[in-house]
Amino acid sequence: TAPARPRGRPSRILKITGAIMFFAIMFCGGFVKNAVENLGNPTSITNLSSFRARTAPACSRSLGRIFALRGGEELEMIDEAAPDKERALAEKEKGNDFYLKQDWENAMEHYSKAIELDPKHPVYLNNRAACLINLERLDDAKTDVQKAISLEIDKPMCDQDEKALARSYSRMGTICSKMGNHTGAIWYYKNSMLEHSFDDTATKLRYAEEAMREAAALAYIDPAKSLEAKEKGNKLFREGSYPEALKMYSEAIKRNPKDPKVWNNRAACYQKLFELKSGIKDAEKAVKLDPTYLKGWSRLGQMYYGTRDMKNAVKAFKEMEKIDPGNLDASKGIRMCEQASGMGGGPAGQAEVERRVRSDPEAMQILQDPQMQSVLKDLQQNPTAASKYMADPPIARKLQKLIEVGVIQTQNGPPP
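Cut-offs used in this document
Residues numbered from 1 in each chain as written. Predicted model: local features only at pLDDT ≥ 70, side-chain atom pairs only at ≥ 80, totals over all residues. Heavy atoms only, no water. Salt bridge = Lys/Arg side-chain N within 4 Å of Asp/Glu carboxyl O. Helix = DSSP H or I, 4+ residues; strand = E, 2+ residues; numbered from the N terminus. Buried < 20%, exposed > 50% of the residue type's maximum accessible area, 1.4 Å probe, protein only. Expected span 1.5 Å × (residues − 1). Contact = heavy atoms within 4.5 Å. Axes fitted to C-alpha atoms, helices over the stretch in contact; angles between N-to-C directions. Parallel < 35°, antiparallel > 145°, perpendicular 65-115°, else oblique. Left-handed = near helix turned anticlockwise from the far one by under 90°. Nonpolar A, V, L, I, M, F, W, Y, C, P; charged D, E, K, R; others polar. Core = buried A, V, L, I, M, F, W, Y, C linked by side-chain atoms within 4.5 Å. Arc of directions from axis to C-beta.

Participant: Help me out: how do you make sense of the pattern of salt bridges in this one?
Facilitator: Close approach of charged atoms allows side chains with opposite charge to pair. All chains considered together, the criterion is met by 16 salt bridges. The salt bridge involving Arg213 is made with Glu210; its shortest N-O contact spans 2.8 Å. Pair noted here: Arg213 and Glu210 are both in helix α10 (residues 199-220), with a separation of three residues, about one helical turn. The salt bridge involving Glu251 is made with Arg255; its shortest N-O contact spans 3.2 Å. Taken together, the residues Glu251 and Arg255, both in helix α12 (residues 242-255) and four residues apart, mark about one turn of the helix. The class for Glu251 is partly exposed, based on a relative accessible area of 24%. Three or more residues are tied together by salt bridges with common partners; here these are Arg167, Asp200 and Lys204.

Participant: What's the story with α10 in this structure? I'm lost.
Facilitator: Every α-helix winds through 3.6 residues per turn, so residues three or four apart in the chain are directed the same way. In a regular helix each residue adds 1.5 Å, so 22 residues correspond to 32 Å; α10 covers 32 Å between its end C-alpha atoms and thus fits that length. Where α10 is concerned, the buried positions are Thr201, Ala202, Leu205, Ala208 and Ala211. Contact partners of the buried residues in α10: α8 (162-178) and α9 (182-195).

Participant: Could you clarify how one ought to interpret the side chain of Asp144 in this entry?
Facilitator: Topologically, Asp144 is positioned in helix α7 (residues 138-153). Not counting residues within four places of it along the chain, the set of residues in contact with Asp144 comprises Leu125, Arg128, Ala129 and Leu132.

Participant: Mind showing me how you'd approach the packing of α12 against helix α13 (residues 260-272) here?
Facilitator: How two helices sit against one another is set out by the angle between their axes and by the gap between those axes. Two numbers describe how α12 lies on α13: the axes approach to 9 Å, and their chain directions differ by 155 degrees. With respect to α13, the axis of α12 lies roughly antiparallel. Here α12 and α13 pass one another in a crossing that is left-handed. Contacts between α12 and α13 involve Tyr242, Ala245, Leu246, Tyr249, Ser250, Ala252 and Ile253 on the former and, on the latter, Val262, Trp263, Asn265, Arg266, Cys269, Tyr270 and Lys272. Of the residues that constitute the contact of α12 with α13, the class distribution is ten nonpolar, two polar and two charged.

Participant: Quick question: what am I supposed to make of the nonpolar core here?
Facilitator: Looking at soluble globular proteins, one finds that nonpolar side chains tend to be buried together. Formed by 23 residues in total, the largest nonpolar core has its most connected members in Leu379, Tyr389 and Leu399. Of all the elements in the fold, those that place two or more residues in this core are α12, α13, α20 (370-381), α21 (386-390) and α22 (393-405). Per-element tally for this core: the top contributor is α22, with five residues. Here Tyr389 is in contact with Val375, Asp378, Leu379, Ile395, Ala396 and Leu399, once residues within four sequence places are set aside. Counting residues in hydrophobic clusters, the runner-up holds 22 residues, among them Trp104, Tyr111, Ala129 and Leu132.

Participant: Even after reading the chapter, I still don't get α7, so can you show me in this structure?
Facilitator: Taking 1.5 Å per residue as the helical rise, α7 with its 16 residues ought to reach 22 Å, and the 22 Å between its terminal C-alpha atoms agrees with that figure. Turning to α7, its buried residues number three or more, namely Leu138, Ala141, Asp144, Val145, Ala148, Ile149, Leu151 and Glu152. Along the long axis of α7, the arc covered by the buried residues comes to 165 degrees, so they all point the same way. Where α7 is buried, its residues meet α6 (122-134), α8 and α9.

This is a description of form; function is not addressed.
Okay, structure coming up:
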């Protein structure tokens, strides 16, 4: 009979356990540290079971099966939960079948059974949350997803499922979005994409960002402050300070985007600054908000005339006639377009421009002004400089006169 092993000497089982610990640390990190510290007497079957319970879930992917020796006998640490996990997986598949049929209640019932059988599997919680979202039970869905996220991130890094975590984050983003928490939704969608980039998550992120912008714009609306900004803009416009007036009208639009007058006023600023494309968009918005708004149609006709789009200019002036038959501004606008139709770049068009200039002493004087000659030369070389010159009231008035007689013709913008 072999002599009894002194109590102070390390046993064979301890050496083997130490080897297993080293192997586990190499593959999974230090997750077995606390289990070994509490192991106590390594020859105790009870403590070995405790060791298995603490380490097997985390080691299962890296180590496969864990063995221990007691008195020379090899004991296999079998995962008694395996049958339950198989049944849980079967319940999940049943739930998936019902989910594809959009039968949320029955799908949720099977996902719940899967959770009972394997409560630490995040995917089952995540799937049940998807059913709860469709049933508009958002608080319950939020609880499930929060637990799924916790279960996943509590795993050792080597065992974490990046796709599953990304889905959980994305699902939480959907819940936040439905609850009106756009900031939270954006945070979760971005974190989901850090884990794994799903196409639908990127789309959801864009929708959430747009929804947050719309919510911010809605919260900013204040008709009283809009009127205040509009009045400041009107004053600046009368003074010829068009860029500053433009800022005030833009503020008025943000404060009350359903007021057609502020859109039309900003269009007038764009017209003065030769930014006719932007002016057309604002004038179109004005008449869309109020189809009977005469000033809006008049402004739109002028804008199209400025871009030499006579067809649409005539349409705008004819809309004025429908609203107010016999309107003098509408009739004048239509005649202007008809006369301008023959004023292209050919000899007939040039002759008409020369005739207009000779019959207008003010236009002749402007063309003979050395400063204006320098301005016109600069505009020919650099059309984008029009905004700078239109910010100078005296020069802006002279340029407007030259536009009226046809010396300056704009097309898709402000080139002379």
